[in-house]
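What follows is the residue order along each chain.
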Amino acid sequence: MSLLPIFDQNASQIPNMNTLPGLPVELLLSITDFLPINDWICLSLCNHRLFAIYNHRYKSMWPTREMKLTILRQLQQDLPRHFICYQCYLLHLYDGSESFGLSGPKFWEGCPLRCRRLIRKNFFELELLTEFGYWNYMPRRFSFLHLQLAMRRFYLGDEFGITTESLAYTQVRFHPSKGSWPGVTYLISTDARIRPEPPGLHIRMHMYICKHVPGWQKERQLDAMVKAFFQGKYFSRSKHTCKRCNTDYQIELCVHFDQLALVLTTWFNLGPGLTPDDP
Ligand SMILES: [Zn+2]
Ligand SMILES: [Zn+2]
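What you are looking at is a predicted structure, and each value in this text was computed from that prediction instead of being measured.

Caption draft 1: Structural view of the packing of aromatic side chains. One pass over the structure, following the stated rule, counts 3 aromatic pairs. Here Trp-40 and Tyr-54 contribute two aromatic rings whose centre-to-centre distance is 6.0 Å and whose plane-to-plane angle is 45 degrees, an arrangement assigned as tilted. Of the two residues, Trp-40 is situated in helix 3 (residues 37-44) and Tyr-54 in helix 4 (residues 48-58); the sequence distance between them amounts to 14 residues. Ring geometry for Tyr-86 against Phe-144: centres 5.3 Å apart, planes inclined by 85 degrees, an arrangement best described as edge-to-face. Taken together, the positions of Tyr-86 in the loop between strand 1 (82-85) and strand 2 (90-93) and Phe-144 in helix 7 (residues 144-156) put the pair 58 residues apart, joining distant regions of the chain. Judged by relative accessible area, which is 8%, Phe-144 ranks as buried.

Below, the structure is given as structure tokens:
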């Protein structure tokens, strides 16, 4: 059901009796007997009169989250600049800026949505955090919001979502030697691209291995690589797949400018971004 033509009417005008909003109250109320509740809640948002008539009927109800999502999805079809927030179950306006992306010195610092700054940890999020001893890096949280907005741009057009470039991130850090730890230079990066068939957002991240892989397994895989390297192979590479989430990752050991370099690469397929429940 498209609602926008009725939205355009001036709210102060008395609707014509020949139109849907101008029908007598009794008829308008009896219409609700033939519509699912989500449809007549959407209908009530078309103008002030319909809202006044229908609102007193449903205001005592507490719609479930599922029902709210059904209504929001219907409204979103007519309001493509808005997107569903799965944190607060509202439609938020996408203002066309890239501030919704990952770029910036800290995650969410530039995001215009207050609800994103209050977001609960692990709420549809992928925490892009590397953990290597005392070398803690600035955590980057990739949320469903990023996937949703990047895919909306792909589905609807440039003005409806963020670019995949706004999801790219690069950080270079040098850690001087400390105690028994040698000095190390780290390069952490993420980049994203959308594949059209089947539609999905793919993230490539360096210096990260899926959190489902236990520490002992990572150590064993790294040990095997180091062993092969010192046995005379000056380049060694192994590929693995996380059994829990099917994420592929690769470990490489090579010599780069006379220095030993460890390269960890993980590829995530985050799916089509239609709902947080997408595979
Ligand atoms: Zn929100
Ligand atoms: Zn995993």
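Resuming the write-up.
Caption draft 2: Representation of the pattern of salt bridges. The full count for this structure, using the stated rule, is 3 salt bridges. Where Asp-191 meets Arg-204, a salt bridge forms, and the shortest distance between an N and an O atom there is 3.2 Å. Of the two residues, Asp-191 is situated in strand 8 (residues 184-195) and Arg-204 in strand 9 (residues 200-206); the sequence distance between them amounts to 13 residues. Asp-191 gets classed as partly exposed once you look at its relative accessible area, which sits at 22%. Here Arg-204 falls in the partly exposed class, since its relative accessible area comes to 34%.

Caption draft 3: Layout of the nonpolar core. Tyr-54, Phe-100 and Leu-201 are the most contacted members of the largest nonpolar core, which totals 54 residues. When residues in this core are grouped by element, the largest group, 6 residues, is from helix 7. Taken domain by domain, this core gets at least three of its residues from each of domain 1 (4-77) and domain 2 (80-269).

Caption draft 4: Region of interest: the pairing of strand 12 (residues 259-269). For strand 9 and strand 12, the ladder comprises 5 bridges, and the chain directions are antiparallel. From the neighbouring strand, Arg-204 faces strand 12, where its bridge partner is Trp-267. Two strands pair when backbone bridges link them, and strand 11 (residues 248-256) and strand 12 are joined in this way by 9 bridges, in the antiparallel orientation. Following the sheet pairing, Val-255 is matched in strand 12 by Leu-260.

Caption draft 5: Helix 5 (residues 65-78), seen in detail. The end-to-end C-alpha separation of helix 5 is 21 Å, in line with the 20 Å expected for 14 residues at 1.5 Å each. Of all the residues in helix 5, the buried ones are Leu-69, Ile-71, Leu-72, Gln-74, Leu-75, Gln-76 and Asp-78.

Caption draft 6: Looking closely at helix 7. The first and last C-alpha atoms of helix 7 sit 18 Å apart over 13 residues, in line with the 18 Å expected at 1.5 Å per residue. Listed in full, the buried residues belonging to helix 7 are Phe-144, Leu-145, His-146, Leu-147, Gln-148, Leu-149, Ala-150, Met-151 and Arg-152. Gly-157 occupies a position one or two residues after helix 7 and carries a positive phi of about 135 degrees.

Calculation criteria
- Residues numbered from 1 in each chain as written.
- Chains lettered and ligands numbered in written order.
- Predicted model: local features only at pLDDT ≥ 70, side-chain atom pairs only at ≥ 80, totals over all residues.
- Heavy atoms only, no water.
- Phe/Tyr/Trp six-rings, centres within 6.5 Å; stacked < 30°, edge-to-face > 60°.
- Helix = DSSP H or I, 4+ residues; strand = E, 2+ residues; numbered from the N terminus.
- Buried < 20%, exposed > 50% of the residue type's maximum accessible area, 1.4 Å probe, protein only.
- Salt bridge = Lys/Arg side-chain N within 4 Å of Asp/Glu carboxyl O.
- Core = buried A, V, L, I, M, F, W, Y, C linked by side-chain atoms within 4.5 Å.
- Domains from an automatic or database assignment.
- Pairing = 2+ DSSP bridges.
- Expected span 1.5 Å × (residues − 1).

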